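Below, each chain spelled out in residue letters.
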Amino acid sequence: MGDAVKAVEGWVNNSKVLGRIAFLEVIDDLSLGVLTVVVKRSEVGPETWELVKKIKIGSAVRVEGVEPPEVVSRKGRELHALRVEVLAEPEEPLPVDVTGKTPAGLETRLEYRYVSLRLPAYRAIFVARARLARYTREYFEEKGFLEVHTPKLVGAGAEGGATLFRVDYFGGTAYLSQSPQLYKQMLMCGVPRVFEITPYFRAEKFDTPRHLNESWGVDAEMGFIRSHHDVMDILEGYVRHVSQRLDEEMGDELRRLGFRPLGKLGNIPRVTYREAIGIVEERGHRVEGEGGDLDTRAERILGEYMAEQGYDAYFIVDYPWEAKPFYIMREENGLSRSFDLDIRGTEIASGGQREHRRSVLYSNLVEKGLDPSSFKFYLEAFKYGMPPHGGFGLGFDRLLMKLLGLDNIREVVLFPRDRFHLVP
Ligand code: ATP
Ligand code: MG
């Protein structure tokens, strides 16, 4: 408050001239509200007035002015201009309507992501994304996890070759990492708890609203556990923490901008794989391939059932070992110490207790049809006092999509990478 002159920089999202007064809507910061710049002809002089009258929507501007003692604009912040400077003008009308009157389709918004970011509702997604990364670090640091960065150019994948992108590596072959799985487990032989915010590269020819070829994940691994339930406790704490923090800091704003955010998550129940199959079959869907993963339809039906019970998020635990990767600990009854976390019918995370006994791990590799010699560097780490451990990999983009109540993962990634999008 007061008469101090303030300078503001940003883009003009709309302009309106009413006689001798003009209103410019300027998006100037990450607060997600536009600033109304009030320009009075009597206060700025003829030169600036002429400039403001002709100002093009989309121009980059610098405004000097004073905040009024009382704000009349419904939109919140206001500045009374003393000087307006145009720093850059658009050469063409903007490809995305920044006044918000004509919504642009997803393809246009992806092609011109930087322009769509001038609209508060799209900007909000990426402000929420940055916050989610911050809440993630908050939580894991508090729980004693070390943040690590493992290599993304690797010589072997966690689950064999078919889903890996190949890269020429000085005449040899390297792959883009599909997951930090092997590295985070090796670290368990020297650090009690680690986490990583990491890209996942997966070469499958996906064509769904929830898969990308480059996505981001939160991977965590913890040692000295008693069972996979210890890992689920941490994961449950994590998603509840971030859902609460996002709701506190952005819930009202997101609703004002037209989102239907998930809000704060409550208790997360643990349903066994067997129970899940029962629920799905009771609802008339036969799950193919006994002992396999739940198909998309089964996931959806289970999601509907859980929603009726009042749960947005739930664990599916104790999958048959057959359905899980070699590193998951197998039980004598053919099941495994594994879990998935789903939110409203979509898988968000997978995890479990790992096999830490080297000889069992070796025979599990063989049984899954993998060649132990390509995992030599990994098996080596199990020789030197590897404690019982477990962890999970969670889809950061998927979690954000669900928290914001969106239904296409491409909405929450700046420049998504899939079969049809490599440029820009
Ligand atoms: P899905 O069955 O949904 O394809 P997955 O079981 O193959 O996933 P995991 O290997 O368990 O995936 O990876 C851990 C988490 O990472 C998943 O639960 C999901 O949230 C996320 N994730 C995996 N693959 C992708 C992808 N291609 N695009 C976006 N997120 C992904
Ligand atoms: Mg999975």
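Since this is a predicted model, take the numbers as computed values, not measurements. (Residues numbered from 1 in each chain as written. Chains lettered and ligands numbered in written order. Predicted model: local features only at pLDDT ≥ 70, side-chain atom pairs only at ≥ 80, totals over all residues. Heavy atoms only, no water.)

**Comments concerning the domain arrangement of the protein chain**
- Domain parsing of the protein chain yields domain 1 (6–93) and domain 2 (120–412).
- On a C-alpha basis, the centroid separation for the pair domain 1 and domain 2 is 47 Å.
- With 6 residues of domain 1 at the interface, the matching set in domain 2 holds 8 residues.
- Here domain 1 packs against domain 2, burying approximately 620 Å² in sum over the two surfaces, 65% of which is carbon and sulfur.
- Looking only at domain 1, the three residues that lose the most surface to domain 2 are I27, L30 and L32, adding up to 78% of its buried area.
- Taken together, the links from domain 1 to domain 2 amount to 0 salt bridges.
- Inspection of the region where domain 1 meets domain 2 yields 2 residue pairs in polar contact (both at pLDDT 80 or more). (Domains from an automatic or database assignment. Contact = heavy atoms within 4.5 Å. Buried area = accessible area lost by both parts, 1.4 Å probe. Salt bridge = Lys/Arg side-chain N within 4 Å of Asp/Glu carboxyl O. Polar contact = N/O pair within 3.5 Å; in protein donor to acceptor, adjacent residues only side chain to side chain.)

**Quick notes on unusual backbone geometry**
- In this structure, the amide linkage connecting V423 to the following residue, P424, adopts the cis form with an omega of -5°.
- Examined against the element boundaries, P424 turns out to sit in the segment after α11 (396–404).
- Its identity as a non-glycine residue notwithstanding, L32 has a phi of 70°, on the positive side.
- Assignment of secondary structure puts L32 in the loop between β2 (21–27) and β3 (35–40).
- The backbone of R344 sits at a positive phi, close to 45°, despite the residue not being glycine. (Helix = DSSP H or I, 4+ residues; strand = E, 2+ residues; numbered from the N terminus.)

**Describing the packing of helix α4 (residues 120–142) against α11**
- Running from amino to carboxyl end, α4 crosses α11 at an angle of 120°, the nearest separation of the two axes being 11 Å. Between α4 and α11, the angle falls in the class oblique. Seen from above, α4 lies across α11 with right-handed handedness. Here I125, A128, R129, L132, A133 and T136 of α4 lie close against α11, whose contacting residues are F396, D397, L399, L400, L403 and L404. (Axes fitted to C-alpha atoms, helices over the stretch in contact; angles between N-to-C directions. Parallel < 35°, antiparallel > 145°, perpendicular 65-115°, else oblique. Left-handed = near helix turned anticlockwise from the far one by under 90°.)

**Points about the pattern of salt bridges**
- Under the defined criterion, the tally for this structure stands at 39 salt bridges.
- Of the charged contacts in the structure, one is a salt bridge between R270 and E236, with a shortest N-O distance of 3.3 Å. Of the two residues, R270 is situated in strand β12 (residues 270–272) and E236 in helix α6 (residues 228–256); the sequence distance between them amounts to 34 residues.
- On the accessibility criterion, R270 (27% relative accessible area) is partly exposed. (Buried < 20%, exposed > 50% of the residue type's maximum accessible area, 1.4 Å probe, protein only.)

**Examining the nonpolar core**
- Core analysis: the largest hydrophobic core is formed by 59 residues, its most contacted members being F140, L235, Y238, L394, L399 and L404.
- Looking at this core element by element, the count peaks at 11 residues for α4.
- When near neighbours in sequence (up to four residues on either side) are disregarded, Y238 contacts L132, T136, Y139, F140, V218, L394 and L399. (Core = buried A, V, L, I, M, F, W, Y, C linked by side-chain atoms within 4.5 Å.)

**Some thoughts on helix α7 (residues 273–282)**
- Along α7, the positions that sit buried rather than exposed are Y273, A276, I277, I279 and V280. Considered in projection along α7, the buried side chains sweep an arc of 160° and stay on one side of the axis.
- Buried residues along α7 sit in contact with β12, α8 (296–308) and β13 (313–317). (Arc of directions from axis to C-beta.)

**Let's talk about the site of ligand 1**
- Around ligand 1 there are 15 residues in total, and R202, H211, L212, E347 and I348 lie nearest to it.
- I348 is positioned with one of its backbone polar atoms (N or O) 2.8 Å from an oxygen atom of ligand 1.
- Note that an oxygen atom of ligand 1 is positioned 3.2 Å from one of the backbone N or O atoms of G395.
- Expressed as a share of its isolated accessible area of 580 Å², the protein-covered part of ligand 1 is 82%.
- Of all the elements in the fold, those that place two or more residues in the shell around ligand 1 are β15 (346–353) and β16 (389–395).
- Class assignment for the residues of the shell around ligand 1 results in 6 nonpolar, 5 polar and 4 charged. (Near = heavy atom within 4 Å. Areas by Shrake-Rupley, 256 points an atom, 1.4 Å probe, with all protein chains shown as cover. Nonpolar A, V, L, I, M, F, W, Y, C, P; charged D, E, K, R; others polar.)

**Digging into the packing of aromatic side chains**
- Summed over the entire model, instances satisfying the criterion amount to 16 aromatic pairs.
- Arranged with centres 5.2 Å apart and planes meeting at 45°, the rings of Y273 and Y319 form a pair that is tilted. Within this pair, whereas Y273 is found in helix α7, its partner Y319 is found in the loop between β13 and β14 (338–343), the two being separated by 46 residues in sequence.
- On the accessibility criterion, Y273 (2% relative accessible area) is buried.
- When its relative accessible area of 1% is taken as the criterion, Y319 is described as buried.
- Between F326 and F375, the aromatic rings sit 5.4 Å apart at their centres with planes inclined by 65°, giving edge-to-face as the arrangement. Residue F326 is found in the loop between β13 and β14, and its partner F375 is found in the loop between α9 (358–367) and α10 (376–380); the two are separated by 49 residues along the sequence. Of the two residues, F326 and F375, both sit in the buried class.
- Through a chain of ring-to-ring contacts, three or more aromatic side chains come together here, namely Y139, F140, F145, F195, Y238 and F392.
- Lying over the aromatic face of Y319, K324 brings its terminal NZ or CZ to 4.2 Å of the ring centre. (Phe/Tyr/Trp six-rings, centres within 6.5 Å; stacked < 30°, edge-to-face > 60°. Lys NZ or Arg CZ within 6 Å of the ring centre and 35° of its normal.)

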